[in-house]
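Examining the three-dimensional arrangement
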Amino acid sequence: MTSPTRVLVLNSGSSSVKYQLLDMRDSSRLAVGLVERIGEQTSRLEHTCATSGETREQTGPIADHDAALKAVAEELSRDGVGLDSPELAAIGHRVVHGGMFFTEPTVIDEAVLTEIERLIPVAPLHNPANLTGIRTATALRPDLPQVAVFDTAFHTTMPESAARYAIDPKLADRHRIRRYGFHGTSHAYVSRRTARLLGKDPSEVNVIVLHLGNGASASAVAKGRCVDTSMGLTPLEGLVMGTRSGDLDPAVIFHLARVGGMSMDEIDSLLNKRSGLFGLCGDNDMREIRRRIDEGDDEAALAFDIYIHRLKKYIGAYFAVLGRVDAVAFTAGVGENAAPVREAAVAGLEPLGLAVDGGLNAVRGGGPRLISPPSARVAVAVVPTDEELEIATQTYELVGKKS
Ligand code: ADP
């Protein structure tokens, strides 16, 4: 029998599961879908069979992750690509926090589960949901390798000078306080894909990756290794995001508590869920913000300016960290689609060798592409991220090595 070539990728959130089934012979999608609002009366499953293009939708209560995954398994079976298929090689799980312990994709066993559990205090929202997904999938196919691919792993190469906060190291170590960084799977994929776009090996180039989605982060990648990133202990640090503030003076928190009378939970929720673009202007979708700016809305224009100012600061900082930059790559929802963001982020940075060509920047859609003029010293690129493909690739490589 030939070796199995399919990988199911699961991204389990607290009330949702996103999934993709890929065939690693050609990295093609066989099925794509999501279950959302798990545990509510109005749960919804949307499943697309990628080969036929048919999309099916179910609504109605799905009680928990176990029921969600069983419903996904049924949908996959209807397409003839069920979880019981001998062609399934492994299940790859996105796990948000791997701390300093997990530097690579890892086949999951009891010891790995215990370590992911021990990291819950630094990832209280994400790791419990990821664990539930792993346990549920393992119960469905106990014989199959389950692989964890960590959002933090790509950043574990950061030097201590970038990873440490300027606080007592003993205190920091006791509470595992350091800069971990997130979106690592995307930064890894996009930095490598950018090197390929330049016709180079990742070990030959220095790249600044700007992952601008609803969550947003920047990274400085030197010769294929991450040397700095903008998110820290949690995804709150760094760029202005859809609903997160990003960087602020920590004293703002004391001030909100002492003078504003807010509780720690209220401040946590304010900075993570009601700040950023949303906090500034009431919208976190860049399309809506651009529409409002076009209509002359000053509040939206200021939110945009603050977003761009922070982005530019990180671009400048990572030039200083890297010394030489070969490319700046834009990715994720905003980075891939919002030409005005790319134009504004680079405007005025010509002395650093950065420029975008208006015509190339305006082109919509498509795969990885350069948007800088051919004469530019630094390439500026749009490189669509593909975290599921990266998780599947890492999972398949690991399982292939073991078998
Ligand atoms: P996440 O995975 O962090 O939820 P995505 O990478 O899918 O986010 O990005 C979502 C964001 O992308 C949306 O909030 C929206 O602001 C932005 N976006 C999507 N399409 C466009 C577009 N055509 N123009 C501008 N922004 C867009």
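Look above for the structure.
Attention in this report is confined to the structure presented alongside it.

Analysis parameters
Residues numbered from 1 in each chain as written. Predicted model: local features only at pLDDT ≥ 70, side-chain atom pairs only at ≥ 80, totals over all residues. Heavy atoms only, no water. Helix = DSSP H or I, 4+ residues; strand = E, 2+ residues; numbered from the N terminus. Buried < 20%, exposed > 50% of the residue type's maximum accessible area, 1.4 Å probe, protein only. Polar contact = N/O pair within 3.5 Å; in protein donor to acceptor, adjacent residues only side chain to side chain. Arc of directions from axis to C-beta. Contact = heavy atoms within 4.5 Å. Near = heavy atom within 4 Å. Areas by Shrake-Rupley, 256 points an atom, 1.4 Å probe, with all protein chains shown as cover. Nonpolar A, V, L, I, M, F, W, Y, C, P; charged D, E, K, R; others polar.

1. Comments concerning the side chain of R44
The topology assignment puts R44 in strand β4 (residues 44-49). A relative accessible area of 15% means that R44 is categorised as buried. For R44, the side chain forms a polar contact with the side chain of E46, separated by 2.2 Å.

2. Examining helix α2 (residues 110-118)
Since one α-helical turn is 3.6 residues long, residues separated by three or four positions face the same way. Taken together, the buried positions of α2 are occupied by V112, L113, E115 and I116. In a view along the axis of α2, the buried residues occupy a sector of 165°, so they form one face of it. In α2, the exposed residues that point more than 90 degrees away from the buried face are E110 and A111. Close packing links the buried residues of α2 with β6 (88-95), β7 (106-107), α3 (127-140) and β8 (146-150). For α2, the N-terminal capping position is held by D109, with its side-chain oxygen 3.1 Å away from the main-chain nitrogen of A111.

3. Some words on the environment of S16
Along the chain, the position of S16 falls in the loop between β1 (6-12) and β2 (17-23). Through-space distance from the C-alpha of S16 to that of Q58 is 14 Å; in sequence the pair is 42 residues apart. Those residues within four positions of S16 in sequence are excluded, and the remaining contacts are N11, V35, E36, I38 and H65.

4. What to know about the site of the ligand
Neighbouring residues of the ligand: 13 residues in total, closest N214, M286, R287, G333 and N337. Here an oxygen atom of the ligand sits 2.7 Å away from a polar atom, N or O, in the main chain of M286. The contact in question runs from an oxygen atom of the ligand to an N or O atom on the backbone of V334, over 3.4 Å. Notes on the ligand: free accessible area 570 Å², of which the protein chains cover 66%. Top element by residues in the shell around the ligand is helix α12 (residues 332-337). It accounts for four residues. Counted by class, the shell around the ligand contains four nonpolar, six polar and three charged residues.

Purely geometric numbers; function is a separate question.
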